[in-house]
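Notes for the structure review
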Amino acid sequence: MSELITLTLAEARDGLKAKKFSARELAQAHVDAVEKARALNAYVLETPDHALKQASRSDERLARGEGGPLEGLPLGIKDLFATEGVRTTACSNILRDFIPPYESTVSSQLWRDGAVMLGKLNNDEFAMGSSNETSAFGPVASPWRRPGANTYVENGKIVGEPLVPGGSSGGSAAAVAAHLCLAATATDTGGSIRQPAAFTGTVGIKPTYGRCSRWGVVAFASSLDQAGPIGKTVRDAAIMLRSMAGHDPKDTTSADLPVPDYEAAVGRPVKGMRIGIPKEYRLDGLNPEIDALWEKGVAWLKDAGAEIVEISLPHTKYALPAYYIVAPAECSSNLARYDGVRYGLRVPGKDIVDMYEKTRAAGFGREVKRRVMIGAYVLSAGYYDAYYLRAQKVRTLIKRDFETVFDQGVHAILTPATPSASFGIGEKLKADPVEMYLNDVFTVTVNMAGLPGVAVPAGLDAQGLPLGLQLIGRPFDEETLFSLGAVIERSAGRFPVADRWWEG
Amino acid sequence: MATGRATNPKNLVKGATGDWEIIVGMEIHAQVSSQAKLFSGASTAFGGAPNSHVSLVDAAMPGMLPVINEECVRQAIRTGLGLNAKINLKSIFDRKNYFYPDLPQGYQISQYKNPIVGEGEIVVDVSPTEQITVGVERLHLEQDAGKSLHDQHPTMSLVDLNRSGVALMEIVSRPDLRSAEEARAYVTKLRTILRYLGTCDGDMEKGNLRADVNVSVRRPGEPLGTRCEIKNVNSIRFIGQAVDVEARRQIAILEDGGAIDQETRLYDPAKGETRSMRNKEEAHDYRYFPDPDLLPLEFDDAYVETLRRDLPELPDAKKQRFIAQYGVTPYDGAVLVGERASADFFEEVASGRDGKTAANWVINEFFGRLNKEGKDIDTSPISAAQIGAIIDLLGKQVISGKIAKDLFEIVWTEGGDPAAIVEKRGMTQVTDTGAIEKVIDAVLAANPDKVAEAKAKPTMIGWFVGQVMKSSGGKANPQAVNQLLKAKLGIE
């Protein structure tokens, strides 16, 4: 039944309704695929028993003609979402054995709607990274290979030049692209949904800040973190978001707005919509392939009847530096709770301070430590005004840039999703960390402004690796992004991985 | 900072080299009266088993988020209104970052730059006849920490998070206090106001009201000196002692040509001294920044006005009303409004009766007796209605003042309806002149020598009044006795 795993979420949903196969068969096919794909390291915890049990219950409900919108559909959950009774680590050693006694709001809504959990997905430690290489469980390999490179699996290990799937939601993107789940949850603080989606030929949407509850999601930077889905298609992402979104009284930053039927927006005409092309995104030295792809995107939308306008977002160039002040500042405070006192790793010390130091030294990886230290620095007395306060001012200006453009009647903005296609594991790890940070150059502004952004696969580069385009929308207007994203998807086609080489 | 108060010579402290003025400012941490904590639904009940009132939020589990408890906001606004303070319609919660085992989040959620309540003032009764006005700089909401227990395990310290996340109001005064007496009076008055409002029970024994006392000294008229902060003083008496002890310490250093180090100190009541808390305390940098998990706290004027309308009558207003409405003295007024329960008790007694008499009875007989027996109004065996009935019997001259006191005693120990007791036990005052005359005649007949003396020295009449009252068992009407005696002795 391995063809079941190549179905889209929507197709699988319809197939289950039509009783073409059972939820149990669907789950089993995925469980088998997950098992055979361990070389990719996309899952840090497999929960096959859990999945099959849930699937059996789904079958009972489907047999009775009941069932929610995601009934019987197997999903992967990023390890940042707390899952009750199921180990949740944020892929950090400091939470290596942590089993939460609670379920995140987002994941509980998925179970409410009938979804099935296959396991927990790898990510950069505490979501800090753009390549999934900072995970305490080791890097995730992209299911994509450079066609020329001799990359293969031997004795369960990848040999050759594996590529990164992007990050921080690298496990989510890799699992969706490799058909190891129908769709996955992910989170995005600076691009952590959109960049890995672009690297793996999948669709990822970061909804408006406040659209999904952050309750039960391990925090990285509270004012930027937002949950969202990664799916095989625009429609799949829309189906997922409808279940994930919604107001939660336990998260006061979540928006008390009704959740639209996002799927209905897929295929809706975009004729007459004004699409902004920000001139500031034409960076010096921008990869000509990316530029060409962007032009294609413009043409596709124009063909669909949209009006293309050049716009200006003058403070764009300050977004990345400001982001790398705000996000570390918040993370330095958010991660203070991992102190070895109540849960998680504890390394004994001669006194409490020694215990703190040893625990955090052993529990956090290099990138997390770097950001905690940067964060503590920019918040400290004497530097607060120069760094944190200025960064917040920049943030206000960035928001204003977007407001101005939207006030001029622009419905959405089209940009590249990433400055390049995927790169090799280890390739950028030794380099200046700033080079890694530059991956987020097109995505961080969206988090800084709290806007929704979707990455849609749009083509392959010269090496044959996927590239994506990004659409940025008005606050809480994810529907427009799904409509426009569907146009790009229809025009560009889909980009499934050619073969399952990782199965050895 | 210069303050508006002129130097009062009575507050000056004599040093070896001249006079000194003590300057005191206070930070009061008052636990908000609320069922649940500031950002979680866990109970605030006192005395639970360790870690029995701890939610996932209080324990700072991964992914947990604070949600503001509106009742705590309401209480903070009401307190602000009670302190005649500016209510800020928009305030911001900040994180104060530091590591401590009883601080699960690794930061305390507090309000740093934009507190919910701004400047206000409190009229403090230093004595029933001396009032001073003390400035309030601000009031902000913040989380309490948990408690480290160092005596439960041979090698480890344990942590109890029951208090973790309980709402506190930090009320910061201006450095407007000038003596230990004023410092005590300030806390007393603030506590009275909080209790009237029902926003904090003021129970210092349970730690529900704690004071950080800032003390400095200066030569009169000179700028403020360097201050020391005496942390967590937990009784009003100790606050007074700490101010005196610390001021003396500082004066001694300065008179020896030394300088005061700005530092945090602890008051040790057993030794009667303050001690530096400088346990190698690294200069703390709290890295304050706005808590991104919480939106700015905003409400409108209409909400504040609703709360203002529903505010109870506060002690200062009540005292003025008692003076005006019941004719009590300012002194008695101050005593009566000290606690809301006393004031309410007094009003029940005074209602429809002579206010001054009611005040005398409530303050002298009733409060005196409560104090003597270590009871309070809640545990009093005598009710306001019973005291009122005694006053009524006295007013209608059914009983004499002496009998009234006996009656109070009977009601206190045995209970019962005062009028019925008087009736049943024959305690009614004798106003029948015939009966009184008989007693007088007997007394006069038995004391011919005293009669002669009284004719020469009319004030001797008092002795006869006493004898007659004694013979009548206190029931004779004293006015009648007086009149009849005067007539019979022939004195005017």
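Described in the following lines is the structure provided in the data block.

Conventions adopted
- Starting afresh in each chain, residues are numbered from 1 along the sequence in its written order.
- Chain letters start at A and ligand numbers start at 1, both assigned in the order the entries are written.
- Predicted model: local features are reported for residues with pLDDT of at least 70 only, side-chain atom pairs are reported and counted for 80 or more only, and whole-chain, interface and lining totals are derived from all residues.
- As a rule here, side-chain values cover all heavy atoms of the structure and leave hydrogens and water aside.
- What we call a nonpolar core is a set of buried Ala, Val, Leu, Ile, Met, Phe, Trp, Tyr and Cys residues that are connected through their side-chain atoms within 4.5 Å.
- For every residue, the accessible area obtained with a 1.4 Å probe (protein chains only) is divided by the maximum for its type, and the residue is called buried under 20%, exposed over 50%, and partly exposed between those limits.
- Numbered from the N terminus, helices here are DSSP runs of H or I no shorter than four residues, and strands are runs of E no shorter than two.
- Residue contacts follow a heavy-atom distance rule, with two residues in contact if any of their heavy atoms lie within 4.5 Å.
- Buried area, as used here, totals the accessible surface that two parts lose on assembly, with accessibility defined by a 1.4 Å probe and the loss added over both.
- Salt bridges are defined as contacts in which a side-chain nitrogen from Lys or Arg sits within 4 Å of a carboxyl oxygen from Asp or Glu.
- Nitrogen and oxygen atoms within 3.5 Å of one another constitute a polar contact, given that in protein one can donate a hydrogen and the other can accept it, and given that sequence-neighbouring residues count only through two side-chain atoms.
- Each residue is assigned to one of three groups, with Ala, Val, Leu, Ile, Met, Phe, Trp, Tyr, Cys and Pro labelled nonpolar, Asp, Glu, Lys and Arg labelled charged, and all others, Gly among them, labelled polar.
- The criterion for strand pairing is that DSSP finds at least two bridges linking the strands in question.
- With the strands pointing away from the viewer, any crossover whose connection runs clockwise from the first strand over the helix to the second is right-handed.
- Helix axes are fitted to C-alpha atoms over the stretch in contact, other axes to C-alpha atoms as well, and angles between N-to-C directions run from 0 to 180 degrees.
- Any angle that is under 35 degrees is reported as roughly parallel, and any over 145 degrees as roughly antiparallel; angles of 65 to 115 degrees are reported as roughly perpendicular and all others as oblique.

**Let's talk about the nonpolar core**
Membership of the largest hydrophobic core comes to 169 residues, with the highest contact counts inside it found for F126, L180, F402, L414 and F482 of chain A. Counting residues per element, this core draws most heavily on helix 9 (residues 319-334) of chain A, at 10 residues. Not counting chain neighbours up to four residues away, the residues in contact with F126 of chain A comprise L80, A90, S92, I94, L95, V218, A219, F220, L335, Y338, F364 and V368 of chain A. Counting 104 residues, the second largest nonpolar core, distinct from the first, contains A183, M204, V217 and I236 of chain B.

**A closer look at the interface of chain B and chain A**
Between chain B and chain A, the contact holds 31 residues from the first and 39 residues from the second. Between chain B and chain A the total buried area reaches about 2800 Å² when both faces are included, carbon and sulfur atoms providing 60% of it. At the surface where chain B touches chain A, the tally comes to one salt bridge. Linking D293 of chain B and R214 of chain A is a salt bridge whose minimum nitrogen-to-oxygen distance equals 3.1 Å. At the boundary of chain B with chain A, the tally comes to 17 residue pairs in polar contact (both at pLDDT 80 or more). Here the residues of the side of chain B that touches chain A sort into 22 nonpolar, four polar and five charged.

**Observations regarding the pairing of strand 2 (residues 74-78) of chain A**
Residue and element names in this part refer to chain A. In terms of residue burial, strand 2 counts as a mostly covered element, since five of its five residues are buried. Here strand 2 shows a buried face lined by P74, G76 and K78 and a second buried face lined by L75 and I77. The pairing of strand 2 with strand 3 (residues 116-121) spans five bridges and is parallel. Across the sheet, the residue bridging to I77 is K120, located in strand 3. For the handedness criterion, the β-α-β arrangement of strand 2, helix 4 (residues 105-112) and strand 3 is classed as right-handed. As judged from the two bridges shared by strand 2 and strand 6 (residues 183-188), these two strands associate in the parallel manner. Within strand 6, the residue paired with G76 across the bridge is A184.

**Points about the packing of helix 9 (residues 384-395) of chain B against helix 11 (residues 418-425) of chain B**
Residues and elements named next belong to chain B. With their axes 8 Å apart at the nearest point, helix 9 and helix 11 run at an angle of 50° to one another. Classed by the angle they form, the pair helix 9 and helix 11 counts as oblique. Across the interface between the two elements, Q386, A389, I390 and L393 from helix 9 touch P418, A419 and V422 from helix 11. Across the contact of helix 9 with helix 11, the residue classes tally to six nonpolar, one polar and no charged.

**Some remarks on the sheet that holds strand 6 of chain A**
All names here are of chain A. Strand order in the open sheet made by the 11 strands is 1-3-2-6-8-7-12-13-11-9-10, with mixed pairing throughout. Two strands in the sheet have a free side with no partner beyond their single neighbour: strand 1 (43-46) and strand 10 (307-311). Going across the sheet, the axis of each strand differs from the next one's by a mean of 30°, ignoring polarity. In this structure, strand 11 (residues 412-416) lies alongside strand 13 (residues 466-473), joined through five bridges in antiparallel fashion. Bridge pairing links P416 to L469 in strand 13. Sitting on the sheet, helix 15 (residues 478-492) is in contact with strand 7 (203-206), strand 9 (274-278), strand 11, strand 12 (453-460) and strand 13, with an inclination near 5° to strand 12.

**Focus on the pattern of salt bridges**
Across all of its chains, the model carries 61 salt bridges over all chains by this definition. A salt bridge links R178 of chain B to E21 of chain B; the shortest N-O distance between them is 3.4 Å. One end of the pair, R178 of chain B, is in the loop between strand 10 (167-173) and helix 2 (180-197); the other, E21 of chain B, is in strand 2 (residues 18-31), and 157 residues separate them in sequence. Grouping residues by exposure puts R178 of chain B and E21 of chain B together as buried. Of the charged contacts, one joins R308 of chain B and E305 of chain B as a salt bridge, the two residues approaching to 3.1 Å between their closest N and O atoms. Of this pair, R308 of chain B and E305 of chain B both sit in helix 4 (residues 301-309), three residues apart, which is roughly one turn of that helix. On the basis of relative accessible area, R308 of chain B is assigned to the partly exposed category, the value being 42%. Salt bridges sharing partners connect three or more residues here, namely R214 and D251 of chain A together with R95, D291 and D293 of chain B.

Everything listed here is a matter of geometry and, on its own, says nothing about what the molecule does.
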